[in-house]
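# Fold and geometry: a report
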Amino acid sequence: MNIKTYLPILDWGSRYNRQTLTSDLIAAIIVTIMLIPQSLAYALLAGLPPEVGLYASILPLIAYAIFGTSSALAVGPVAVVSLMTATAVGRLAAEGSADYASAAIILAMLSGLMLALMGLFRLGFVANFLSHPVIAGFITASGIIIATSQVGGLLGIKTEGHTMPELVMSIVTHLGQVNFHTLAVGLVALASLLWIRLDLKNWLARFGVPKGVATIIVRAGPVLVVFLTMAWSVLMDLGGKGVSLVGQVPQGLPMLSLPSFSLDTVQQLAVPALIISIVGFVESISVAQTLAAKRRERISPNQELIGLGASNIAASLGGGYPVTGGFARSVVNFDAGAATPAAGAFTAIGIAGATLLLTPFLAILPKATLSATIVIAVLTLVDFSILRRAWSYSKADFVAVASTLAGTLLLGVEIGIALGVGASILIFLYRSSQPHAAVVGLVPGTEHYRNIKRHQVETVPGVLSIRVDESLYFANARYLEDLVINQVTANAGLTDVVLMCSAVNAIDMSALESLEAIEHRLKDLGVRLHLSEVKGPVMDKLKRSDFLENLSGQVYLSQHQAMTAIKCSLSGQGRSLDPPTGLAAQ
């Protein structure tokens, strides 16, 4: 076993030099500036004290630098995982209580252990069960819920709930309690952050500011908004006017400690931890692979599981909550020139410094500023165009997107994603239970066989050729049996049937029994059954049974070879004017 496989730091660390150090330090400074307000805001979104967001941005980054394989992925609190944490932990304890914070720490530990074990046992394929339509619907719905959940913070009213009906009802109920000073802060922060994101770079360019400097200023923009609203808070005594402030934040770094587990808590958090693990991994690996492709680097999915697992275990030990690779900060890290995972470790040092030096000043920060930060950050998550694209491309995928989106909005994040996965699996089973099949004929002048409904082809009288475009297993075995028999009975005078198996990658026991039933029924009708283009692994399995010994026809290497041999065995050749019918062109 190569230890570098499990400790990538030994690989890239051996090639580390002054140039990569400089690149990593510059990237770390930019990401640190961006991460400070985001970490505070996402912790509040998770229902935790703001400093917990900073804690979750220190040790996880160092752990990922040791075990991760992406040079650009930036690990830390993200909006979707923060929402899922609040949903999971909110069932166990009241927000703001010690039990709530303890449950979040346990959730991070469980998620970390699950991810690490999945990596060690090479179970990265589990994430494939979350299809793109499901993830797209889930993230869009989560973005809407997150933005709606921050309306209370922007209005200065209390909101509760983790689904849209609950949140909307809570907002409507408390509308009469709006604090207009909070609303003013929220609107100014929203407008400022939106302007910084959309137009500040263009504005700076008009004044001749170099592109690199302008990028740094834009990234630092949210921090400037934080300082401006803090000054506003002091000058206008916003705390005395009912504006909710962050309040006293403990100064210093958290003490390393193991969370105290109880069997009951573990049982209640196990399923949410698994869902958070898979969703976090899917989001993280997609970002890591996208950025790696731009640099022609290689990402190991199973090692990424270990890296994310270690990051979440580290978050738990450091008093944080579940983390994953964030899209926005990873892109910033990439654009800033991060050359190795060490950039994340340097970012962790920057966050640790901020935790030591800046926390005394955060007491005067209006929470409305953090709510505005969250709303602007999640705007990129909402993508309704996926509904239109799915509808035009595949109605089945539209069902998966719509069920995930509606389920998440109306019933909650865990039920929503379960509905999406369930819908995807049911759609897959339905599709594969009715495999596409076509009667095929010879394209003139070639040796290719195509659907008679789509092409002008030549067929042989008395011979029925059916191409099966799906592996055969228990769910579709009876369908194939009925399909062949119906075709034979609908076309009198047949002497031979050829099943073209070029797309059949597997045949299970149920399908084998159906093939045997087809053979027996065709033999009773005086029709021979042939197979063509059977793949090696499928043929190996057929040879282990007595099917081939009892086959009335032959197994041919190619469809053209089969038709040529059958034509030679029949008296007369020619083109069928009335080819076999019954299968729709698909």
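Check the entry above for the structure.
Model, not experiment: these values are computed from the prediction. Here, residues in each chain are numbered from 1, in the same order as that chain's written sequence. Under the rules for a predicted model, residues below a pLDDT of 70 receive no local features and side-chain atom pairs below 80 are neither given nor counted, while totals for whole chains, interfaces and linings still include all residues. Excluding hydrogens and water, the side-chain figures rest on all heavy atoms present in the structure.

Here we come to the packing of aromatic side chains. Here a pair means two rings of Phe, Tyr or Trp (six-membered ring of Trp) with centres within 6.5 Å. Their orientation is stacked below 30 degrees between planes, edge-to-face above 60, and tilted elsewhere. Throughout the structure, instances matching the rule amount to five aromatic pairs. Taking the centre distance of 5.0 Å and the plane angle of 80 degrees together, the rings of Tyr-473 and Phe-474 count as edge-to-face. Members of the aromatic cluster, connected to one another through ring pairs, are Trp-195, Trp-203 and Phe-207. Two conditions define a charge located above a ring, namely a distance within 6 Å from the ring centre to NZ of Lys or CZ of Arg, and an angle within 35 degrees of the ring normal. Lys-395 extends its terminal NZ or CZ atom over the ring of Trp-391, reaching a point 4.7 Å from the ring centre.

On to the nonpolar core, then. What is meant by a nonpolar core is a set of buried Ala, Val, Leu, Ile, Met, Phe, Trp, Tyr and Cys residues, joined one to another through side-chain atoms within 4.5 Å. Three exposure classes are used, based on accessible area relative to the maximum for each residue type with a 1.4 Å probe and protein chains only: buried under 20%, partly exposed in between, and exposed over 50%. Core analysis: the largest hydrophobic core is formed by 89 residues, its most contacted members being Met-84, Leu-130, Val-279 and Tyr-321. Only runs of H or I of at least four residues qualify as helices and only runs of E of at least two qualify as strands under DSSP, and these elements are numbered from the N terminus. It is helix α14 (residues 263-295) that contributes the most residues to this core, 13 residues altogether. Whether two residues are in contact is decided by their heavy atoms: any pair within 4.5 Å suffices. When sequence neighbours within four positions are dropped, the list of residues in contact with Leu-130 reads Ile-135, Ile-278, Val-279, Val-282, Ile-417 and Val-421. Of all hydrophobic cores here, the second largest spans 34 residues; its members include Leu-464, Ile-466, Leu-480 and Val-488.

Okay, the sheet that holds strand β6 (residues 496-500) next. Reading across from one edge, β4-β3-β5-β6-β7-β8 is the order of the six strands in this open sheet, with mixed pairing throughout. One side of each edge strand has no neighbouring strand; the edge strands of this open sheet are β4 (449-451) and β8 (555-556). As judged from the three bridges shared by strand β3 (residues 437-442) and strand β5 (residues 463-468), these two strands associate in the antiparallel manner. Each residue of the ladder has a partner; that of Val-439, found in β5, is Ile-466. Contacts from helix α22 (residues 477-490) reach β3, β5 and β6 within the one sheet, and its direction differs from that of β5 by about 155 degrees. Helix α23 (residues 509-524) contacts β6 and β7 (528-532) of the sheet and is inclined by roughly 140 degrees relative to β7. Any two strands between which DSSP finds at least two bridges are classified as paired. Comment: axis = line fitted to C-alpha atoms, over the contacting stretch for helices; angle = value between 0 and 180 degrees taken between N-to-C directions.

As a further point, take helix α26 (residues 559-569). Those residues of α26 that fall on the buried side of the exposure criterion are Gln-559, Ala-562, Met-563 and Ile-566. Across the axial projection of α26, the buried residues extend over an arc of 90 degrees, all falling on one side. For α26, the secondary structure elements touched by its buried residues are β3, β4, β5, β6, β7 and β8. An arc is given here, and it is the one of the directions from the helix axis to the C-beta atoms.

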